[in-house]
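Coordinate inspection notes
Below, each chain spelled out in residue letters.
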Amino acid sequence: MYHLPVLKNRRTLLERAEKFISDIYFTDCNLRGRLYGDSCPLESLACFLTPKRITFAEASKQIFDPCKVGDTFGPTWWTCWFKVTLKIPESWRGKAVHLLWESDGEAMVWRDEQPVQGLTKEGEKTSYILSECLQDEELLTLYVEMACNGLFGAGQGSQIAPPDPNRKFSVQKAELVVFNGDVRELLTDFEMLVDIVKELGEEEQRGYQALFTVNEMVNLCDPSDPSSFAKVHSLAGTFFNQRNGESQHTVHAMGHCHIDSAWLWPYEETIRKCGRSWVTVIRLMEKNPEFVFTCSQAQQFQWVKSWYPGLFSSIQHYVKKGQFIPVGGTWVEMDGNLPSGESMVRQFLEGQRFFNKEFGRYCKEFWLPDTFGYSAQLPQIMQGCGISNFLTQKLSWNLVNTFPHNTFFWEGLDGSTVLTHFPPGNSYEMKGKVEDLVKTLKNNKDKGRANHSAALFGFGDGGGGPTQLMLDRLRLVQDTNGLPKVQMSTPDELFTRLQADSALLCTWTGELFLELHNGTYTTQAQIKRGNRQCETLLHDIEIASSLALYRNNTFPYPAEKLQELWRLLLLNQFHDVIPGSCIEMVVEDALKYYEGEFLQASSIGVSPVKDTPPVTPVSVTVQADGTVVMENGLLKTAINREGTLASLCLISANRESISDGCLGNQFVMFDDVPLYWDAWDVMDYHLQTRFQPLLSNAFKFKYFSGLRGSVSFTLRISDKSTITQEIIMDAMCPYIKFSTEVQWAESHKFLKVEFPVRVRSPNATYEIQFGHLQRPTHRNTSWDWAKFEVWGHKWADLSEHNFGVSLLNDCKYGYSVHKNTMTLSLLRAPKAPDATADMGIHHFTYAIMPHTRSFQEASVIQCAYNLNFPLRLIQCSPNTVPWSAFSVTSQAVVLETIKQAEDRGGVLVVRLYESHGSSVTATLRTALPVREAWVCDLLEKQDPNHPVPVTSEGITLDFNPFQIVSLLLIM
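Computed from a prediction, not measured in an experiment: that's the story for all the values here.

Quick look at the pairing of strand 43 (residues 907-914)
Here strand 43 lies mainly inside the structure; eight of its eight residues are buried. By the alternation rule, side chains of strand 43 split into V907, V909, R911 and Y913 and L908, V910, L912 and E914, which are all buried. Bridge analysis of strand 42 (residues 893-900) against strand 43 gives seven bridges, and the strand direction is antiparallel. Looking across to strand 43, one finds that I898 is bridged to V910. Once strand 42 ends, the chain turns through six residues before running back antiparallel as strand 43, passing D903 with a positive phi of about 60 degrees. Where strand 43 lies against strand 48 (residues 964-970), seven bridges are found, and the strand directions are antiparallel. Its bridge partner lying in strand 48, V907 is registered against I970.

Written out as structure tokens, the structure is:
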């Protein structure tokens, strides 16, 4: 092959090849310098600026002023529209002609009133193809819509820093050029060979074969003489066409463009990111019929349908062709921890129904590559929505432990399983490079069990997506000895192969806990409060509307309005919004959406309430030392002047709850400075900085009566922040409430409240979606201490045999239970990406509930519902008759949801779940005139083989532990 001896100095040969294709060094004589031929300036360039994101129709009517390359535009978040007039020289006939455009703002090319190409320097898209082979001289007018923000917003100093509001953006290049496709093809040959040399290293013979091949190509190639290119390309082809054996690992390459629905940019900018990215994908599909692109989030499709109807029609066309693949099945890629169980069901209900309506298909795989942990109830929810496969990669970010699998069965809380795949390349935005393929092969933790893996390629997070170069790279190494095989594939093809070879796969049981980003359980407390309150409100509206429908058949069930409100709530559950890892503009939008839900919604339904004296009224006494003692027949507590609990006694058991020598309701603060991800992370070392903040306090009774006793106080916890709290004991209530207001103005501090309790147990229990799970209270192993801060929903419990203490809340999600200290996380104060995160006034309520027996028998679950779903009082006539529409005979079964069925008037959906972790038979009793009852899935599809008898006693159902059951009730 080689007619001259080749020296074995690997470094010089490799660097020689690298310099030959460098875009920095020796471009006057290397191959890279020949990528573009002749150039020509634009005929004219004009622009106008607007603070709004407007349509093309509106923009094209504006007055454009002359401008030039190098001018600056802004400020941040404005839009600059350019009118580009160009004339292609006649001498370029027969050549490929591109518009080169380089700007530090994301841009979209419009031609003939349609979006045709995204231009993003950070996404390696800086040219628009005017003609593949020019036939005639052309005079064209194009429009370029440039956003005054980059691919990742406009962070001041670092990517996740708060945006610089006064940043200016510029166009660095705008000209016509001749594109030399043969040079591009050869550059790809060189690049891939150079990368094979580097990735396979000095130990692999195949790497040396690539080295000697690329060196000989440099010898043969004369950049100034295109006639030399064919022989050089042929030499590369000889190398790339040396095939693999049949046992080689197969990489299923799928185009991908992860677009955060909001993050370092607002929701409105995401709409344009989708347009820019997806229209570029369509252009690639026109040229590459084998190209497959996966795309999630029904909300983004809905945005594109509204803003870019022509593009949406093209997407529908390529969905039918099997190239543009909707995936995921959810409204957005939501957070996997914080949304309620019903919210997760609605994510799939809205998403799957949208995909079926617009594309005639339901998604078969759940697609959630970038969220911050995965609830143990997701497998059951997925299966209930017709999904049996799951793809993510985020657990590769674990800070402490390496997750042991890439392909496995994930078993959920109820025993449901889904086939799960983590792409071994640990990325959802690969570039089709040799490095990506080698990493995919080497990182596979299930070698011998799974011989197929996914590789998702395309710029992501801020959009951008795949490029032609990525496709060319992958095409070149489809079956090249020394590398895994590569095939363009669909998720269905990948999971079909994995399922066929699944006999040796392992099973992971329980939650997929991300050992990172656990500050997101607490950051942006107002968003989390809005989420919990709106989940509660929509629950109540649906029940009230359903019951009103059957009390008055003329009542118009507000289906359209409810869908609108649910979709806003689901949007705010996106995995950078509800976690609080977003910029201030997004927070403002999210809070407006929550406020809108409260303004547009109202509860319906009545039940008379009589003034009935309690069996045991609340008594309040003041001791000589100023301690206040409150008692209601169930509980007795002693409250110090600092607002801490010196004692909390469960009277029936004569059992003290607070540990000896300790105080309950102890506010503590920590220094909270993570390694990098400010809004996301709280690090384990923050626990070493604990201190009790108390500068001064004021203590007083608020009021006292037989029905309620309370004590209020104000603590100054720093020179900037105060806590005002009312400790409330209600008659006949098994828990004490702490109604809290915090004026918070800290920087990198973490506020928590502690309850050291007289309970010993190796595990604590936390409520999750439709159930609960246990986590350790010790730190025996690295897997244990990585859970130093965990998430839960309305309650957490620490119990030993026959006694325990539960901690309830109305809007918090971060917990820690170490040994016998129960801690609720209250507020953080990160400064990026929102410099004002959590600053201001906060309101929240938590409660402490000691109990005998197990928490299930003590009705902790019901008490947490009562705290979060307060009765809504309205005036009614004195002769109103009490009416109970539904009841359930078993305390273990929770009736979670009552709503009208989708697209089926006169039919109700009721959703129940087993909450104790037991197998139980329960009867659902109703006063409604139910004629038929059918089991349905979570998408409300009736199971024709599963009717449920309706008797005079009601509807009897069997439940397995944590099972979700949905019924269609036909009146």
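Now that the structure is up, let's keep going.
Notes on the UniProt feature "domain: Glycoside hydrolase family 38 central" (unreviewed entry) in the protein chain
As recorded in UniProt, the feature "domain: Glycoside hydrolase family 38 central" (unreviewed entry) lies at residues 515-594. End C-alpha atoms of residues 515-594 are separated by 30 Å, and the span's content is 65% helix alongside 0% strand.

Observations regarding helix 6 (residues 267-287)
Over its 21 residues, helix 6 runs 31 Å from end to end, which matches the ideal 30 Å to within 8%, given 1.5 Å per residue. Burial of helix 6 is extensive: 17 of the 21 residues sit out of reach of the surface.

Details of the pattern of salt bridges
For the coordinates displayed, the defined rule picks out 45 salt bridges. Between R708 and D730 there is a salt bridge, and its shortest N-O distance comes to 2.5 Å. Here the residue R708 occupies a position in strand 29 (residues 708-716), and D730 occupies one in strand 30 (residues 722-730), the gap between them amounting to 22 residues. Assessed through its relative accessible area of 15%, D730 is described here as buried. Measuring nitrogen to oxygen at the nearest pair gives 3.5 Å for the salt bridge that ties K752 to E789.

As for the packing of helix 7 (residues 298-307) against helix 8 (residues 309-320)
Helix 8 packs onto helix 7 with a crossing angle of 125 degrees between their chain directions and a minimal axis gap of 5 Å. One finds that helix 7 runs oblique with respect to helix 8. Two secondary-structure elements touch here, helix 7 through F301, V304, K305, S306 and W307 and helix 8 through P309, L311, F312 and I315. Per-class residue counts for the contact of helix 7 with helix 8 are seven nonpolar, one polar and one charged.

What counts and what doesn't
- Residues numbered from 1 in each chain as written.
- Predicted model: local features only at pLDDT ≥ 70, side-chain atom pairs only at ≥ 80, totals over all residues.
- Heavy atoms only, no water.
- Buried < 20%, exposed > 50% of the residue type's maximum accessible area, 1.4 Å probe, protein only.
- Helix = DSSP H or I, 4+ residues; strand = E, 2+ residues; numbered from the N terminus.
- Pairing = 2+ DSSP bridges.
- UniProt positions renumbered as here; feature names shortened; annotations may be inferred.
- Expected span 1.5 Å × (residues − 1).
- Salt bridge = Lys/Arg side-chain N within 4 Å of Asp/Glu carboxyl O.
- Axes fitted to C-alpha atoms, helices over the stretch in contact; angles between N-to-C directions.
- Parallel < 35°, antiparallel > 145°, perpendicular 65-115°, else oblique.
- Contact = heavy atoms within 4.5 Å.
- Nonpolar A, V, L, I, M, F, W, Y, C, P; charged D, E, K, R; others polar.

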